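The lines below spell out each chain.
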Amino acid sequence: MTEWDDVRQDFPILKQRVNGERLAYLDNAATTQRPTPVLKDLMNFYQHDNANVHRGVHTLAVRATNEYENARQTVQHFINAADEREIIFTRGATEGLNLVAATYSRQHIHEGDEIVVSIAEHHSNLVPWQQLAIATGACLKYIDLTTTGELDLAAAEKQITDRTKIVAVTHASNVLGTITPLQQLAALAHQHGAVIVADGAQAVPHFAVDVQQLGVDFYAFSGHKMLSGMGIGVLYGRYDLLAAMPPYQFGGEMISSVQRQSTTFAEPPYKFEAGTPNVAGAISLASAIHYLQGLGMAEVERHERELVATALPRLLAEDHVTVYGPHDPAKHTGVIAFNITGLHPHDVATALDMEGVAVRAGHHCAQPLMDYLGVTATARASFYFYNNQQDVDQLIHAIRETKEFFHVGSI
Ligand code: PLP
């Protein structure tokens, strides 16, 4: 049994008071906090091993290179990729998705082809495809959601056709907390000869992900949403696809040999890692993965579900609170979007902050989804394994205080 109160001790940032109140950090979908072991590994790298990678033969350069490449293997095993060369370090999910849109797609998308996304996409997995469609004359199509906010597989079957070249979907929604049936969607995409690109930014931190079992061709995620430093992320790509793709950026590290008028490129993953990489970031990501593996991803998922199983019904029971997404906690990740009738979500988030509760408010980089839901913005509470029932109580209490302060329901 995991002692979650002990786990919290690894996150000193959570001990502070905000506006005189205990901090309830519920903005984990935006970024998570870093535990002391990850901070120590980061410090250790800079204090003892810092050097540039792949270039030097001196001791520190060899150590830094080994740690960087070990981090790649750690990621490989964590998502069960078949080969470490399928792991490309990026700045984050956004860069990984842009990489696929700019390289694989540059070769494969032509006028009249179809790119299919869901209406629930974060702008990171939408704008690159939209711009590609504009540039190539391809058609961008959307898969709608069911009435409970889940991806509608029947709609997907209609939208994905033999003209579809790319299906790009989020694995878990950053607004609705829903999980996409990725395995079925991958099979459907493949039946039509399309590749499937998944945005795992809200999935990999929260439950076990096996890219081979899912059958995805590309899969992107960000380190900072799973305990590691900012500016590091991962793009997984099937090796045969990566090998055939042109480079993303040009420069050092990504070449095999350079002549005056021509260049041959390195093999994947180096072909896609031009310039000095974020070595410390990769090391912090590996450290974060080891930390999560120590807890066990099944335990992380179970604990988050327990929190949602109490938070969601309590939010649903609140007068003048509208919750978006499924009302069944079993269908939810730790993300809960809501509004209070008559209040702008920014006012809600500011009022909750006065009570020590950190939530996000806005369109959550998902404006087409907001439009689809008929709102311009929402507040969003998002949980991680270090949250506890006290955080849930504090959220509900703060919502009640906010309603009272703004006289909600009495005007
Ligand atoms: N995709 C989803 C579902 C997200 O929630 C986010 C970040 O909020 C991103 C992509 C972009 O991640 P990053 O900004 O780390 O690249």
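Residues numbered from 1 in each chain as written. Predicted model: local features only at pLDDT ≥ 70, side-chain atom pairs only at ≥ 80, totals over all residues. Heavy atoms only, no water.

## Some remarks on the overall build of the protein
When helices and strands are counted, the protein shows 15 helices and 17 strands. Over its C-alpha atoms the protein spans a radius of gyration of 22 Å, differing by no more than 12% from the 22 Å that the globule rule assigns to 411 residues. When the backbone C-alpha atoms are referred to their principal axes, the protein occupies close to 75 × 55 × 35 Å. Expressed as a percentage of the 411 residues in the protein, the buried residues total 57%. The contacts of the protein with a sequence gap of at least 6 include a subset with a gap of at least 24, amounting to 70%. (Helix = DSSP H or I, 4+ residues; strand = E, 2+ residues; numbered from the N terminus. Rg over C-alpha atoms; globule rule 2.2 N^0.38 Å. Buried < 20%, exposed > 50% of the residue type's maximum accessible area, 1.4 Å probe, protein only. Contact = heavy atoms within 4.5 Å.)

## Some thoughts on the packing of helix H2 (residues 36-49) against helix H11 (residues 279-295)
Running from amino to carboxyl end, H2 crosses H11 at an angle of 150°, the nearest separation of the two axes being 9 Å. Along this stretch, H2 crosses H11, giving a crossing that reads as right-handed. Where H2 abuts H11, its residues Pro-37, Val-38, Asp-41, Leu-42, Phe-45 and Tyr-46 lie against Val-279, Ala-280, Ile-283, Ser-284, Ser-287, Ala-288 and Tyr-291. Residues of the contact of H2 with H11, tallied by class, amount to ten nonpolar, two polar and one charged. (Axes fitted to C-alpha atoms, helices over the stretch in contact; angles between N-to-C directions. Left-handed = near helix turned anticlockwise from the far one by under 90°. Nonpolar A, V, L, I, M, F, W, Y, C, P; charged D, E, K, R; others polar.)

## Considering the site of the ligand
As a structural note, the neighbourhood of the ligand is formed by 13 residues, with Thr-94, Asp-199, Gln-202, Ser-222 and Lys-225 the closest of them. Residue Ser-222 places a side-chain N or O atom 2.7 Å away from an oxygen atom belonging to the ligand. Here Lys-225 contributes a side-chain N or O atom positioned 2.6 Å from an oxygen atom of the ligand. Among the residues making up the shell around the ligand, the classes are represented as two nonpolar, nine polar and two charged. (Near = heavy atom within 4 Å. Polar contact = N/O pair within 3.5 Å; in protein donor to acceptor, adjacent residues only side chain to side chain.)

## Re the sheet that holds strand S14 (residues 335-340)
Strand order in the open sheet formed by four strands is S13-S14-S17-S16, with antiparallel pairing between adjacent strands. Every interior strand has two partners, whereas the edge strands, strand S13 (321-324) and strand S16 (360-362), have only one. Across this sheet, the average inter-strand angle for adjacent strands is 30°, counted without regard to direction. Of the strand pairs in this sheet, S13 and S14 are connected by four bridges, and their pairing is antiparallel. Bridging across to S14, Tyr-324 finds its partner in Ala-337. Against the sheet, helix H15 (residues 389-405) engages S13, S14 and strand S17 (378-382), with an angle of about 15° to S14. (Pairing = 2+ DSSP bridges.)

## Focus on the sheet that holds strand S5 (residues 114-118)
Across the sheet, which stays open at both edges, the seven strands sit in the order S4-S10-S9-S8-S7-S5-S6 with mixed pairing between neighbours. Edge positions in the open sheet fall to strand S4 (87-90) and strand S6 (139-143), since each of these has one partner strand only. With strand direction ignored, the average angle separating the axes of adjacent strands in the sheet is 20°. The sheet contact formed by S5 and strand S7 (residues 164-170) spans four bridges and is parallel. Residue pairing across strands places Val-116 opposite Val-167, the latter belonging to S7.

## Digging into the packing of H2 against helix H3 (residues 59-78)
Contact pair H2 / H3: the axes reach a minimum separation of 10 Å and the direction vectors enclose 155°. Considered as vectors, H2 and H3 are oriented roughly antiparallel to each other. Residues Phe-45, His-48 and Asp-49 of H2 pack against Leu-60, Arg-63, Ala-64 and Glu-67 of H3. (Parallel < 35°, antiparallel > 145°, perpendicular 65-115°, else oblique.)

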